[in-house]
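Structural features, examined
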Amino acid sequence: MGLPQPVGGGARRPGGLTLNKVDSPLLASGPPPGPRVRGVKEGRSHAGGGENLDAAELLAEAAEALTACDVDAIVPLYADDGRFEDVPSGESYRGHAAIRRMFEALFSAPHTRFRVVAARPGEGWGVIEWVWSGRTRNSGTAFDVRGVSVLEISGSEVTKETIYYDPAPARV
């Protein structure tokens, strides 16, 4: 059995991001039956201008914030008690303050850039494939690290993000 393949061309989002529906009963991202209501945190501004976010819109915002290395845009996407788990490092963060500190440190590394390869939404989850580029703090050696973020989504917020990648290139 092969991996599920994207269906059609996907939906083009702001910033050129393509969100693909996947042809798999386990990874299908079509809308659930019945009305869909998402609670948006009061005071959070997003591309939709005040309307409720679904998983695809939340992933699009997360991708835009990540590629812009924008801490102020990415942190509010998490629930107040949201969790961020970095599997390769064994580090985990809980709550806005801890997640903010982590992203501030990450985005302040020399020449840090993120490029989103793909984003795939589902009902209550999402996956973002990305490439992290920069220079190591110690030697200044350029690196590219490909990784994936698996997001658990409740309402219009990320309740947990777990990231997987090979850290070796960034440790030189």
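Remember, predicted model here, so these are calculated numbers, not experimental data.

Here we come to the overall build of the protein. In terms of helices and strands, the protein carries three helices and eight strands. Ordered by position from the N terminus, the helices and strands of the protein form the series β-β-α-α-β-β-α-β-β-β-β. Residues counted as buried form 40% of the 172 residues belonging to the protein. Of the contacts made within the protein by residues no fewer than 6 positions apart, 47% connect residues no fewer than 24 positions apart. Accessible surface computed for the protein: about 9300 Å², of which carbon and sulfur atoms make up 52%.

This part takes up the pairing of strand β4 (residues 91-94). The sheet contact formed by strand β3 (residues 78-86) and β4 spans four bridges and is antiparallel. Residue Arg83 lies in a different strand from β4, and its bridge partner there is Arg94. Here β3 folds back onto β4 in antiparallel fashion, the turn holding four residues, of which Gly90 has a positive phi close to 80°.

Averaged over the protein, the pLDDT score is 77; the fraction of residues at 70 or greater is 69%. Below pLDDT 50 for its whole length, residues 1-51 participates in 93 contacts with residues either more than four positions away or in separate chains.

Conventions we followed
Residues numbered from 1 in each chain as written. Predicted model: local features only at pLDDT ≥ 70, side-chain atom pairs only at ≥ 80, totals over all residues. Heavy atoms only, no water. Helix = DSSP H or I, 4+ residues; strand = E, 2+ residues; numbered from the N terminus. Buried < 20%, exposed > 50% of the residue type's maximum accessible area, 1.4 Å probe, protein only. Contact = heavy atoms within 4.5 Å. Areas by Shrake-Rupley, 256 points an atom, 1.4 Å probe, with all protein chains shown as cover. Pairing = 2+ DSSP bridges. pLDDT = per-residue confidence, 0-100.

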